[in-house]
Amino acid sequence: MKQNVTDAGPDPVDARLGARLAELRAGRGWSLGELAERSGVSRSTLSRAERAETSPTAAVLNRLCHVYGRTMSQLLSEVEAEPALLLRAAEQPVWEDRSSGFVRRSVSPPHPGLRGELVEGRLAPGADLAYDRPPVPGLEQHIWVLEGALVVTAQDVDHRLGTGDCLRLRVWGPTRFRCTGDTDARYVLAVVLP
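Here's a quick rundown of the structure. (Residues numbered from 1 in each chain as written. Predicted model: local features only at pLDDT ≥ 70, side-chain atom pairs only at ≥ 80, totals over all residues. Heavy atoms only, no water.)

1. Focus on the overall build of the protein
No. 1: Looking only at helices and strands, one finds 5 helices and 10 strands in the protein.
No. 2: Expected size for 194 residues packed as a compact globule is a radius of gyration near 16 Å; at 16 Å, the protein falls within 12% of this value.
No. 3: Its C-alpha atoms give the protein principal-axis dimensions of roughly 45 × 35 × 35 Å.
No. 4: A total of 194 residues make up the protein; the buried ones form 45% of that total.
No. 5: Of the contacts made within the protein by residues no fewer than 6 positions apart, 67% connect residues no fewer than 24 positions apart.
No. 6: When the accessible surface of the protein is split by element, carbon and sulfur atoms take 51% of a total near 10,000 Å². (Helix = DSSP H or I, 4+ residues; strand = E, 2+ residues; numbered from the N terminus. Rg over C-alpha atoms; globule rule 2.2 N^0.38 Å. Buried < 20%, exposed > 50% of the residue type's maximum accessible area, 1.4 Å probe, protein only. Contact = heavy atoms within 4.5 Å. Areas by Shrake-Rupley, 256 points an atom, 1.4 Å probe, with all protein chains shown as cover.)

2. Some details on the environment of Leu193
No. 1: As for its position among the elements, Leu193 is in the segment after β10 (185-192).
No. 2: The spacing of Leu193 and Pro137 is 56 residues in sequence and 9.1 Å in space, taken between C-alpha atoms.
No. 3: Ignoring sequence-local partners within four residues, the contact set of Leu193 consists of Thr71, Gln74, Arg115, Val136 and Leu139.

3. Section: the pairing of strand β1 (residues 94-97)
No. 1: Side chains Val94 and Glu96 of β1 all project onto a buried face; the interleaved residues Trp95 and Asp97 project onto the opposite face, where all are buried too.
No. 2: Looking at chain direction, β1 and strand β2 (residues 102-108) are connected through 4 bridges and run antiparallel. Within the sheet, the bridge partner assigned to Asp97 lies in β2 and is Phe102.
No. 3: In textbook terms, the turn of a hairpin is the stretch between consecutive antiparallel strands, and for β1 and β2 this stretch comprises 4 residues, one of which, Gly101, has a positive phi near 80 degrees. (Pairing = 2+ DSSP bridges.)

4. Some remarks on the side chain of Asp97
No. 1: The residue Asp97 is located in strand β1 in this model.
No. 2: Buried and unpaired, Asp97 has Arg98 as its nearest opposite-charge partner, separated by 7.7 Å.
No. 3: Looking at Asp97, its side chain comes within polar contact range of the side chain of Ser99, at 2.7 Å.
No. 4: Contacts of Asp97, omitting those with residues within four sequence positions, involve Thr57, Ala58, Phe102 and Leu129. (Lys, Arg positive; Asp, Glu negative; His and termini not counted. Salt bridge = Lys/Arg side-chain N within 4 Å of Asp/Glu carboxyl O. Polar contact = N/O pair within 3.5 Å; in protein donor to acceptor, adjacent residues only side chain to side chain.)

5. Concerning helix α3 (residues 43-50)
No. 1: Buried within α3 are the following residues: Leu46, Ser47, Ala49 and Glu50. An end-on view of α3 places all buried positions within 165 degrees of arc, on one side of the element.
No. 2: Those residues of α3 that are buried lie in contact with α1 (12-27), α2 (32-39) and α4 (58-68).
No. 3: Count one or two residues on from α3 and you reach Ala52, which has phi positive near 60 degrees. (Arc of directions from axis to C-beta.)

6. A closer look at the pattern of salt bridges
Charged atoms that come close allow side chains of opposite charge to pair.
No. 1: Counted by the stated rule, this structure contains 13 salt bridges.
No. 2: A salt bridge links Asp184 to Arg122; the nearest nitrogen and oxygen atoms lie 3.3 Å apart. Here Asp184 is found in the loop between β9 (175-179) and β10, whereas its partner Arg122 is found in strand β3 (residues 116-123), with 62 residues between them in sequence.
No. 3: Asp184 gets classed as partly exposed once you look at its relative accessible area, which sits at 32%.
No. 4: For Glu140, the salt bridge is made with Arg170, and the minimal N-O distance between the two is 3.9 Å. Note that Glu140 is positioned in strand β5 (residues 139-147) and Arg170 in strand β8 (residues 166-171), a separation of 30 residues in sequence.
No. 5: One connected set of salt bridges, linked through shared partners, spans Arg105, Glu120, Glu147 and Arg186.

Rendered as structure tokens:
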């Protein structure tokens with residue numbers, strides 16, 4: 001798991017992520033205000049994230065990914081070291097959204113020549129993770145629950161999933177992931193770009 005920020009400074013992943021977010025914005029010639037308008041994220045939150053004063057939440061990263069036309073895995077892979085063909089379990093990047101109780105492990109890193117990737121998600125009991133839009137419209141997702149109970153809402157329909165269940169969908173609008181059991185919900189998310 002990702003370590004907490006200490007007095008020694010920001011987490012190295014947060015620092016690289018902040019720098020990459022600033023590069024993406026500058027590459028488009030946008031001010032913080034323009035990015036705030038496009039993403040619906042406040043200027044102060046964007047500024048603090050770019051300076052690595054805070055680790056952005058999953059919802060904020062999702063909004064930024066939508067604006068930049070990337071999946072979250074693609075963005076996070078851009079701040080990791082050189083991508084490898086083989087990623088041992090101990091080397092798989094882990095990112096945590098402490099405010100929502102969401103932990104994300106990039107099992108198979110995105111690759112420029114491939115459209116699919118695997119992510120392991122873990123939600124704490126009672127965790128509720130909402131995305132107001134997909135990072136890429138029409139994104140194909142396969143959600144396979146390994147342990148626990150998960151409710152996934154897409155197109156205003158609640159899909160109740162238990163251990164072993166798999167939900168397949170294309171994401172065009174808001175989605176929501178909720179851990180409804182007394183234990184963590186652990187699942188595999190297969191993401192395929194359209």
